[in-house]
Amino acid sequence: GSLFGRHRLGSVASELLHSSTIPVALAPAGTATQDDHVVPRVTAAVGTRPGAEVLLDEAAALAADGGVDLRLVSLVPFDVPPGLDTGAIRVVGEEHAHEVLARAKDRLPDTLGAVVEEAPGDSVEDAVSNLSWLPGEVALVGSSRLAQPRRLFLGSTAAKMLHELPVPMIVVPRTRGEAGDR
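Residues numbered from 1 in each chain as written. Predicted model: local features only at pLDDT ≥ 70, side-chain atom pairs only at ≥ 80, totals over all residues. Heavy atoms only, no water.

Participant: Explanation requested: the overall build of the protein in the structure shown.
Facilitator: Helix and strand counts for the protein come out as five helices and six strands. Starting at the N terminus, the α and β elements of the protein follow one another as α-β-β-α-β-α-β-α-β-α-β. Pairs at least 24 apart in sequence give 76% of the contacts found in the protein among residues at least 6 apart. About 9800 Å² of surface is accessible on the protein, with carbon and sulfur atoms providing 53% of the total. (Helix = DSSP H or I, 4+ residues; strand = E, 2+ residues; numbered from the N terminus. Contact = heavy atoms within 4.5 Å. Areas by Shrake-Rupley, 256 points an atom, 1.4 Å probe, with all protein chains shown as cover.)

Pasting the structure below:
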């Protein structure tokens, strides 16, 4: 029922996104009919909230397993308290970007690259629609801080992203499962 190339959540997907103990992948309408099923790049939407480290680990592991580069999209401007002045947001964002990029490069083989890209826009939806997306790319997001330990809960930022994403989204629990889980 969604537009071609966009997401629409039904009752089963919604239930999975609010209770699963493992990552859940959602693909926009029409994805299954695409001829090329090669993932050319992994993008992770990183902020400063709890669980960001787990998301970074999962995104780096997925990129390394697939032998593709990792793009980290900074959502810091949407992750800070309302009312914080723009200059402070920029400083927090730049510091966070450098830290996250360094951690990502430590987790990737030397043959793969990692970049941080600030998502430009006045809202989450605007930012996501202004990013360039490669055919077959996947986007990883973290579970909401409202989730129970080792469970998913689709947060408001991820839900807003989902409406604009033209690529599959993987929602990752904000805490790790049992030893060996990935």
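We are not done yet, so read on.
Participant: Honestly, the pattern of salt bridges in this entry has me stumped. Any pointers?
Facilitator: Opposite charge on two side chains permits pairing when their charged atoms draw close. Summed over the entire model, instances satisfying the criterion amount to six salt bridges. Across the pair E137 and R41 runs a salt bridge whose closest N-O atoms are separated by 3.0 Å. Highlighted residues: E137 in the loop between helix 4 (124-130) and strand 5 (138-142) and R41 in strand 2 (residues 41-46), separated in sequence by 96 residues. Judged by its relative accessible area of 16%, R41 falls in the buried class. With its nearest N and O atoms 2.4 Å apart, the salt bridge here joins R107 to E53. Taken as a pair, R107 in helix 3 (residues 86-107) and E53 in helix 2 (residues 52-66) lie far apart in primary sequence, 54 residues in all. The exposure class assigned to R107 is partly exposed, which follows from its relative accessible area of 30%. Taken together, the shared-partner salt bridges in this structure form one network comprising R41, R71, E117 and E137. (Salt bridge = Lys/Arg side-chain N within 4 Å of Asp/Glu carboxyl O. Buried < 20%, exposed > 50% of the residue type's maximum accessible area, 1.4 Å probe, protein only.)

Participant: Teacher, can you tell me more about a negative patch on the surface here?
Facilitator: A surface patch of like charges, here negative, comprises E94, E95, E99 and E118. For the negative patch, the element with the highest residue contribution is helix 3, accounting for three residues. Here E118 shows up in strand 4 (residues 114-118). Among the residues examined, E118 registers a relative accessible area of 55% and is labelled exposed. (Patch = residues over 30% accessible without salt bridge, like charges linked within 9 Å, V, L, I, M, F, W, Y side chains within 5 Å. Lys, Arg positive; Asp, Glu negative; His and termini not counted. Charge placed at Lys NZ, Arg CZ, Asp CG, Glu CD.)

Participant: Sorry, what's going on with the sheet that holds strand 4 here?
Facilitator: Sheet strands line up and pair through hydrogen bonds in the backbone, either parallel or antiparallel. Taken together, six strands build an open sheet; the order of strands is 1-6-5-2-3-4 and the sheet is mixed. Edge positions in the sheet fall to strand 1 (24-26) and strand 4, since each of these pairs with one other strand and no more. In this sheet, neighbouring strand axes are inclined to one another by 25° on average, regardless of whether the strands run parallel or antiparallel. Relative to strand 5, strand 2 is paired through three bridges, and the arrangement is parallel. Bridged to A44 within strand 5 is L140. Relative to strand 5, helix 2 is tilted by about 160°, and along the sheet it contacts strand 2, strand 3 (69-74), strand 5 and strand 6 (169-172). Taken strand by strand, helix 5 (residues 156-164) contacts strand 1, strand 2, strand 5 and strand 6, and its axis lies near 170° from that of strand 6. (Pairing = 2+ DSSP bridges. Axes fitted to C-alpha atoms, helices over the stretch in contact; angles between N-to-C directions.)

Participant: I'm lost on the confidence of the model for the protein in this one. Help?
Facilitator: Chain-level statistics for the protein give a pLDDT mean of 77 and a share of 71% at 70 or above. Highest mean pLDDT in the protein belongs to strand 2 (92); lowest belongs to helix 3 (71). With pLDDT under 50 throughout, residues 84-92 is counted as low confidence; its partners more than four residues away or in other chains account for five contacts. (pLDDT = per-residue confidence, 0-100.)

Participant: Would you take a moment to explain helix 5 for this structure?
Facilitator: Residues three or four positions apart in an α-helix share a direction because the helix packs 3.6 residues into each turn. All of the buried residues in helix 5 are A158, M161 and L162. One side of helix 5 carries all its buried residues, which in axial view fall inside an arc of 105°. Projecting away from the buried face of helix 5 at angles above 90 degrees are the exposed residues S156 and H163. Where helix 5 is buried, its residues contact strand 1, strand 2, helix 4, strand 5 and strand 6. (Arc of directions from axis to C-beta.)

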